[in-house]
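Listed below, chain by chain, are the residues.
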Amino acid sequence: MSFPFNVRVYGILVIENSVLLSKEKYAGRTFTKFPGGALEFGEGLREALEREFLEETGLRVKTGKHLYTTDFFQESAFNADHQILSIYYEVMTNGDFKAIPIKSLEENQEFFWVSMKELRTDNLTFPIDQYVCRNFLI
């Protein structure tokens, strides 16, 4: 029996004591998460994260320190036959972070900053993002 894995990579961008979050609409649901997305065949993790940031925000980032890789079972919120494996990195930019568009370069997505003082786990939709928030950011 085959068990499909969905590998996701996310970036934690903190600038001036605020973290960048993404609000997205997909498959009839609205959710809030850290910026990032799926690993494509033939990519490395860092390459995928940098591609995702560029595609979604137009911002070139440099992948920094590895923060966390999922170490518990998480079923996909969108496909009960898939297991999610998420990898989180710090990301940095030399670019003008204020130039990050409110609306994504892709449809059904927008970005917003949350002060680290106001960041709570319930700002995020998915259990893995909430775990990262609780254990690495607040």
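Details of the structure are given in the entry above.
Trainee: Teacher, can you tell me more about helix 1 (residues 45-57) here?
Mentor: Turn by turn, an α-helix covers 3.6 residues, leaving residues three or four places apart pointing in a common direction. Look at helix 1: 18 Å from first C-alpha to last across 13 residues, which is about the 18 Å you get at 1.5 Å a residue. Every buried residue of helix 1 is accounted for by Ala-48, Leu-49, Arg-51, Glu-52, Phe-53, Glu-56 and Thr-57. The elements touched by buried residues of helix 1 are strand 1 (5-12), strand 3 (18-26), strand 5 (36-38), strand 6 (62-69), strand 7 (83-92) and strand 8 (109-115). Just downstream of helix 1, Gly-58 is the residue with a positive phi angle, here 80 degrees.

Trainee: Where do I start with the sheet that holds strand 7 in this structure?
Mentor: Strand pairing within a sheet occurs via backbone hydrogen bonds; the two strands may be parallel or antiparallel. Across the sheet, which stays open at both edges, the 4 strands sit in the order 5-1-7-6 with mixed pairing between neighbours. Two strands lie at the open edges of the sheet, namely strand 5 and strand 6, each paired on one side alone. Across this sheet, the average inter-strand angle for adjacent strands is 25 degrees, counted without regard to direction. Two elements, strand 1 and strand 7, share 8 bridges in a ladder whose sense is parallel. Paired with Val-9 across the strands is Ile-87, a residue of strand 7. This element, helix 1, spans strand 1, strand 5, strand 6 and strand 7 of the sheet and lies at about 65 degrees to strand 1.

Trainee: Can you walk me through unusual backbone geometry in this structure?
Mentor: Only a minority of non-glycine residues have a phi that is not negative, and only a minority of peptide bonds are not trans. The phi dihedral of Asn-17 is positive, around 60 degrees, even though this residue is not glycine. Mapping Asn-17 onto the fold places it in the loop between strand 2 (14-15) and strand 3. A relative accessible area of 60% places Asn-17 in the exposed class. The residue Ala-27 is not glycine, and still its phi comes out positive at about 50 degrees. Tracing the backbone shows Ala-27 in the loop between strand 3 and strand 4 (29-33).

Trainee: Please clarify how the nonpolar core should be interpreted in this entry.
Mentor: For soluble globular proteins, the rule of thumb is that nonpolar side chains tend to be buried together. Counting 16 residues, the largest nonpolar core has Ile-12, Val-19, Leu-21, Phe-34, Tyr-88 and Leu-119 as the members making the most contacts within it. Of all the secondary-structure elements, those providing two or more residues to this core are strand 1, strand 3, strand 6, strand 7 and helix 2 (127-137). With 4 residues, helix 2 is the largest single contributor of residues to this core. For Val-19, the residues in contact, after removing those within four places along its chain, are Ile-12, Leu-13, Val-14, Phe-34, Phe-112, Trp-113, Val-114, Met-116 and Leu-119. Grouped together as the second largest cluster of nonpolar side chains are 13 residues, Ala-48, Leu-49, Leu-59 and Tyr-89 included.

Definitions and cut-offs
- Residues numbered from 1 in each chain as written.
- Predicted model: local features only at pLDDT ≥ 70, side-chain atom pairs only at ≥ 80, totals over all residues.
- Heavy atoms only, no water.
- Helix = DSSP H or I, 4+ residues; strand = E, 2+ residues; numbered from the N terminus.
- Expected span 1.5 Å × (residues − 1).
- Buried < 20%, exposed > 50% of the residue type's maximum accessible area, 1.4 Å probe, protein only.
- Contact = heavy atoms within 4.5 Å.
- Pairing = 2+ DSSP bridges.
- Axes fitted to C-alpha atoms, helices over the stretch in contact; angles between N-to-C directions.
- Core = buried A, V, L, I, M, F, W, Y, C linked by side-chain atoms within 4.5 Å.

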